Amino acid sequence: MNFQNHSIRPLQKMFSEVPGRYDLMNRILTFRMDEAWRKKAARRCMEDNPSHVLDICTGTGDLACHLARYNHSGAKITALDFSEPMLAEAKKKLIRKKLTGVEFILADVGELPFQTETIDAISIGFGFRNLTFKNIKSEIYLSEIYRVLKPGGKLIIVESSQPKNKTIRKLYHLYLLIFVKFFGGYLSGNKKAYHYLSYSATHFYTPEELNSLLKDRKFKSIITNNLFFGASALTMAVK
Ligand SMILES: C[S@@+](CC[C@H](N)C(=O)[O-])C[C@H]1O[C@@H](n2cnc3c(N)ncnc32)[C@H](O)[C@@H]1O
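Since we're looking at a predicted model, the values are computed, not measured.

Cut-offs applied
- Residues numbered from 1 in each chain as written.
- Predicted model: local features only at pLDDT ≥ 70, side-chain atom pairs only at ≥ 80, totals over all residues.
- Heavy atoms only, no water.
- Helix = DSSP H or I, 4+ residues; strand = E, 2+ residues; numbered from the N terminus.
- Rg over C-alpha atoms; globule rule 2.2 N^0.38 Å.
- Buried < 20%, exposed > 50% of the residue type's maximum accessible area, 1.4 Å probe, protein only.
- Contact = heavy atoms within 4.5 Å.
- Near = heavy atom within 4 Å.
- Polar contact = N/O pair within 3.5 Å; in protein donor to acceptor, adjacent residues only side chain to side chain.
- Areas by Shrake-Rupley, 256 points an atom, 1.4 Å probe, with all protein chains shown as cover.
- Nonpolar A, V, L, I, M, F, W, Y, C, P; charged D, E, K, R; others polar.
- Patch = residues over 30% accessible without salt bridge, like charges linked within 9 Å, V, L, I, M, F, W, Y side chains within 5 Å.
- Salt bridge = Lys/Arg side-chain N within 4 Å of Asp/Glu carboxyl O.
- Lys, Arg positive; Asp, Glu negative; His and termini not counted.
- Charge placed at Lys NZ, Arg CZ, Asp CG, Glu CD.

(A) Just the overall build of the chain, in detail. Across its full length, the chain holds 10 helices and 7 strands. For the chain, whose C-alpha radius of gyration is 17 Å, the value lies close to the compact-globule estimate of 18 Å for 239 residues. Taking the principal axes of its C-alpha atoms as reference, the chain extends roughly 45 × 40 × 30 Å. The buried share of the chain, reckoned over its 239 residues, is 54%. Once local pairs closer than 6 in sequence are excluded, the contacts in the chain between residues at least 24 apart make up 75%.

In structure tokens form, the structure reads like this:
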């Protein structure tokens, strides 16, 4: 796959091929830390008693499950993805976990089916890289996210990042090459998807670059919490 300036179709096809082993691979590749990171993001989304929270790129719905668990204010929760197989997994998971109150929508982040300034918080778990890494629709995605957020609304991103320490960063890139690309590709049975994950995570933004990307799109009060030596990060930004 050519990762340069990819458009929507290869990504949509790629994600529609991975749901079966997607969760298992996440747990293995993050040494089970991914769920704790999503919980943190969900708590942040829910802390100001929102009335409508949107989880974009919801995938198999792990973050949406945490939103449902922390929903003490009776907020409306919408989980959105453009891959039907991913959404099907998410719906099954909510039922399996006996969680309710999440509405699922099949849609592209480039055309969010919501009125302007109607959403209190948007969460995105490990999908921001897909939207912005060498993606020709990156600008459209960011402006749609900004458009639907209420003034003062929050964008909460959990995403891979770049460790500041050079040695740790080198080790992390080695891990992405050996463990994620080769081992992940082999174990998942989907070489393309894990090649993409390894390549995009290796070349993704540093926290500083992500902050300035968000600042350029008019987001303010940007806070980054590094996770596991900066291999991932929880980033919060306000409209
Ligand atoms: C890496 S998965 C992340 C899934 C989940 N949020 C998690 O925490 O594991 C990225 C998801 O984003 C979805 N996605 C990527 N680009 C999208 C777009 N433009 N619109 C809607 N969904 C998109 C994919 O279908 C996939 O399910």
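(B) Representation of the site of the ligand. Close to the ligand lie 19 residues, the nearest being Tyr22, Arg38, Cys57, Asp81 and Gly125. Between the ligand and the protein, one listed contact pairs an oxygen atom with a side-chain N or O atom of Arg38 at 2.8 Å. Here a nitrogen atom of the ligand and a backbone polar atom of Thr58 are 3.5 Å apart. Burial of the ligand by the protein chains amounts to 98% of its free accessible area of 590 Å². Residue assignment for the shell around the ligand shows that the elements contributing at least two residues are α2 (19–29) and α6 (128–132). By residue class, the composition of the shell around the ligand is 10 nonpolar, 6 polar and 3 charged.

(C) Up close: a positive patch on the surface. Taken together, the side chains of Lys39, Lys40, Arg43, Arg69, Arg96 and Lys97 define a basic patch exposed on the protein surface. By the element assignment, Lys40 lies in helix α3 (residues 34–46).

(D) Up close: the side chain of Ser200. With respect to the helices and strands, Ser200 occurs in helix α9 (residues 191–203). The class for Ser200 is buried, based on a relative accessible area of 0%. Apart from residues no more than four positions distant in its own chain, Ser200 is found in contact with Arg129 and Phe133.

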